[in-house]
Amino acid sequence: MKVAVDAMGGDHAPRAVVTGALQAVQRYRCSVVLVGDEEIVARELERQKRVPEEVEVIHADEVVGMDEPAITPIRRKRRSSIRVCCELVREGRAKAIVTAGNTGAAMISAKMVIGTIDGVDRPALAEVLPNQKGGQTVLLDLGANVDARPSHLLQFAIMGHFWAQEMVGTASPRVGLMSIGAEEGKGTDLTREVFRVMKTTGLNFVGNVEGRDVYNGEVDVVVCDGFVGNVILKTSESLANLFGSMLREELGRSWRSRLGYLLARPAFESFRRRTDYREWGASPLLGLRGGCFIAHGSSNPKAIRNAVRRAAVFCEHDLHNKIREKVAQLHREERRLLSLQSA
């Protein structure tokens, strides 16, 4: 299962990307295609003691900067590394892409080049977050669609439902709609319209949820537009960093607290792994005809390594086709019910 890696994407590219991709190949026995300026990538590979044969390099003339418009790889830089990655997936030469580059450009390229599955107008970024009950909660969209329509949020709910089934193992995921109150009438015009439609889908829709429900374990899938989802995610990451910093400060105040840290170190390490974005590496862009994983722009080799691992698992389980089949099945059921009602 080949994963196309955007070697030029991210704040620390290409060094961090190339290093992380090679670590993934060595640890997880997957294959990668490094896409970027051939000479620059070759120099990074020369730094490595050993380059596995599962690593291929494909040249791309251009790079999309973090500050460039999302449409850049479609209109101006048609030979950019992120677009070439998407073309490899479309042509079947790779099963998924990983990029730490411009998120908007990645989303537009994936949508326009790889294409969306039938029944999905907008792909959505999703993530699985830990909750207080020891389980996991799926949150989407995380920033791919900052201006969404009711039909888009409905599609996000459907994809989140199936992602929770496939990746978390929840048989009947409880789906909640992010709002400012649990009552049906609360929220914006958008959320009120989505609430009305969601009740008719056949999903296990529990109604509106609030910010606290992202982590309390009362719901398995939280649906929102990309603006709200990105704020939730970045705030959560910032809080995790703050708690870690405060703990380190307090634990270093005296010899007693330092001794206590040594005794409780395994628990602190477990906490760090559960809250560190580098442990999951990248978020999947659901709803495409292939895999697309978007990592933080600040990703280090560890984050890239785990992003490639997640992409390889996604490919191995053929998850995009499973989502496509289940979305099609749901739409067939909807059409059947409509025909029965009209009859």
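Everything discussed here concerns the structure shown above.
What counts, and at which threshold
- Residues numbered from 1 in each chain as written.
- Predicted model: local features only at pLDDT ≥ 70, side-chain atom pairs only at ≥ 80, totals over all residues.
- Heavy atoms only, no water.
- Helix = DSSP H or I, 4+ residues; strand = E, 2+ residues; numbered from the N terminus.
- Rg over C-alpha atoms; globule rule 2.2 N^0.38 Å.
- Contact = heavy atoms within 4.5 Å.
- Areas by Shrake-Rupley, 256 points an atom, 1.4 Å probe, with all protein chains shown as cover.
- Lys, Arg positive; Asp, Glu negative; His and termini not counted.
- Charge placed at Lys NZ, Arg CZ, Asp CG, Glu CD.
- Axes fitted to C-alpha atoms, helices over the stretch in contact; angles between N-to-C directions.
- Parallel < 35°, antiparallel > 145°, perpendicular 65-115°, else oblique.
- Left-handed = near helix turned anticlockwise from the far one by under 90°.
- Nonpolar A, V, L, I, M, F, W, Y, C, P; charged D, E, K, R; others polar.
- Salt bridge = Lys/Arg side-chain N within 4 Å of Asp/Glu carboxyl O.
- Buried < 20%, exposed > 50% of the residue type's maximum accessible area, 1.4 Å probe, protein only.
- Polar contact = N/O pair within 3.5 Å; in protein donor to acceptor, adjacent residues only side chain to side chain.

K.L.:
Describe in detail the overall build of the chain, supporting the description with residues and values.
P.N.:
Per the secondary structure count, the chain includes 12 helices and 11 strands. Taken over the C-alpha trace, the chain has a radius of gyration of 21 Å; the compact-globule value for 343 residues is 20 Å, and the two agree within 12%. Its C-alpha atoms give the chain principal-axis dimensions of roughly 70 × 60 × 35 Å. Here the contacts in the chain between residues at least 6 apart in sequence split such that 69% fall between residues at least 24 apart. If you sum the accessible surface of the chain, you get close to 16500 Å²; carbon and sulfur atoms cover 50% of it. Computing the positive centroid from 48 side-chain charges and the negative centroid from 42, the chain places the two 3 Å apart.

K.L.:
Mind laying out the packing of helix 4 (residues 81–90) against helix 5 (residues 103–114), listing which residues take part and the relevant values?
P.N.:
Contact geometry for helix 4 and helix 5: axes closest at 9 Å, N-to-C directions at 30°. The orientation of helix 4 relative to helix 5 falls into the category roughly parallel. Where helix 4 crosses over helix 5, the two elements pack in a sense that is right-handed. Contact residues: I82, R83, C86, E87, V89 and R90 in helix 4; A106, S109, A110, V113 and I114 in helix 5. For the contact of helix 4 with helix 5, a count of residues per class yields 7 nonpolar, 1 polar and 3 charged.

K.L.:
Run through the pattern of salt bridges, naming residues and quoting values.
P.N.:
Within the structure shown, the criterion is met by 18 salt bridges. Ionic pairing is found between R76 and E68, a salt bridge with its closest N-O pair at 2.7 Å. Assessed through its relative accessible area of 55%, R76 is described here as exposed. E68 is the salt-bridge partner of K77, the closest N and O atoms lying 2.8 Å from each other. This pair shows no difference in class: K77 is buried, exactly as E68 is. Connected via shared salt-bridge partners are R15, E44 and R47.

K.L.:
Give me the packing of helix 6 (residues 150–168) against helix 7 (residues 189–198): which residues, what numbers.
P.N.:
Close contact between helix 6 and helix 7 brings their axes to 9 Å; oriented N to C, the two are set at 55°. With respect to helix 7, the axis of helix 6 lies oblique. Helix 7 is crossed by helix 6, and the crossing has right-handed handedness. Contacts between helix 6 and helix 7 involve P150, L153, L154 and A157 on the former and, on the latter, L190, E193, V194, V197 and M198.

K.L.:
Tell me about the side chain of T137, and please be specific about residues and values.
P.N.:
Of note, T137 is situated in strand 6 (residues 136–140). For T137, a relative accessible area of 1% corresponds to the buried category. In terms of polar contacts, T137 uses its side chain to reach the side chain of N131, at 3.1 Å. Within polar-contact distance, the side chain of T137 engages the backbone oxygen of V219 at 3.3 Å. With residues near it in sequence (within four places) discarded, T137 still touches E127, V128, L129, N131, V214, V219, D220, V221 and V222.

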